[in-house]
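Chain by chain, the residues:
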Amino acid sequence: MEQTKFKNQPSVPDVGRPHGKRLTKTMKAIRKGKSKVTPNGRPKASFNTLRLFRRSFIFQTKEFFDNSTLHGVRYIAEEGRPFFERFMWFCFVAFGFIAAVVIIFSLWEKFQTNPTITGLDTDFHNQQVIFRPHA
């Protein structure tokens, strides 16, 4: 059966992409499936494949930074910001990440050396406590 293309059919925009934003050459190449394949069907490891992987990784990282809700991460990759401001946000985010890792490891070590055991004492002794009002 032959597929026909309709000229007046509206194209569906990519989900999650603002209108008018074009895909980069890397993503177009990935979608078209342009990669070198050996006769046995396995992809060739070549310079072009590594370059394509590098561009794809950079593209995906930028997309993550642009759409992330982590505070400060989107300012690192935002176009139009001065280099110093982007570097400052990178330092803040890196410092926060390192501080969180240090705190988590210190709490984990404290738990490993002295775990807290919580139990309920069910042996209630009848103690008579006399309450006296203040004079």
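Keep in mind the model is a prediction, meaning the values are calculated, not measured.

Draft legend 1. Fine view of the overall build of the protein. In terms of helices and strands, the protein carries 4 helices and 0 strands. Every one of the 135 residues in the protein was classed for burial, and the buried ones make up 11%. Looking at the protein alone, contacts between residues at least 24 apart form 21% of all its contacts between residues at least 6 apart. On the protein, roughly 13500 Å² of surface is accessible, and the fraction owed to carbon and sulfur atoms is 62%.

Draft legend 2. Region of interest: the pattern of salt bridges. Enumeration over the complete set of coordinates arrives at 4 salt bridges. Residue Lys62 is joined to Glu79 by a salt bridge in which the shortest nitrogen-to-oxygen separation is 3.4 Å. Note that Lys62 is positioned in helix H2 (residues 47-67) and Glu79 in the loop between helix H3 (73-77) and helix H4 (83-113), a separation of 17 residues in sequence. On the accessibility criterion, Lys62 (29% relative accessible area) is partly exposed. A relative accessible area of 60% places Glu79 in the exposed class. Between Arg81 and Glu78 there is a salt bridge, with its nearest N and O atoms 3.0 Å apart. For Arg81, a relative accessible area of 23% puts it in the partly exposed group.

Draft legend 3. Inspection of the side chain of Ser68 at higher detail. Locating Ser68 in the fold gives a position in the loop between H2 and H3. Residue classification places Ser68 among the buried positions, given a relative accessible area of 6%. A distance of 3.1 Å separates a polar atom in the side chain of Ser68 from the backbone nitrogen of Leu70. Dropping the residues within four chain positions of it, Ser68 is found in contact with Val73 and Arg74.

Draft legend 4. Layout of a nonpolar patch on the surface. A contiguous nonpolar surface patch, about 350 Å² in accessible area, is contributed by Phe53, Phe57 and Ile58. Mapping Phe53 onto the fold places it in helix H2. Judged by its relative accessible area of 57%, Phe53 is exposed.

Draft legend 5. Representation of the packing of aromatic side chains. With the rule as written, the count across this model stands at 5 aromatic pairs. Each ring, one from Phe83 and one from Phe87, has its centre 6.2 Å from the other, and the planes form 20°; the classification is stacked. You can see Phe83 and its partner Phe87 sitting in helix H4, 4 residues apart, about one turn around the helix. Taken together, a centroid distance of 5.9 Å and an interplanar angle of 40° make the contact between Trp108 and Phe111 tilted. Separated by 3 residues within a single helix, Trp108 and Phe111 lie in helix H4, roughly one turn from each other. A relative accessible area of 52% places Trp108 in the exposed class. Given a relative accessible area of 44%, Phe111 falls into the partly exposed group.

Conventions used here
Residues numbered from 1 in each chain as written. Predicted model: local features only at pLDDT ≥ 70, side-chain atom pairs only at ≥ 80, totals over all residues. Heavy atoms only, no water. Helix = DSSP H or I, 4+ residues; strand = E, 2+ residues; numbered from the N terminus. Buried < 20%, exposed > 50% of the residue type's maximum accessible area, 1.4 Å probe, protein only. Contact = heavy atoms within 4.5 Å. Areas by Shrake-Rupley, 256 points an atom, 1.4 Å probe, with all protein chains shown as cover. Salt bridge = Lys/Arg side-chain N within 4 Å of Asp/Glu carboxyl O. Polar contact = N/O pair within 3.5 Å; in protein donor to acceptor, adjacent residues only side chain to side chain. Patch = residues over 30% accessible without salt bridge, like charges linked within 9 Å, V, L, I, M, F, W, Y side chains within 5 Å. Phe/Tyr/Trp six-rings, centres within 6.5 Å; stacked < 30°, edge-to-face > 60°.

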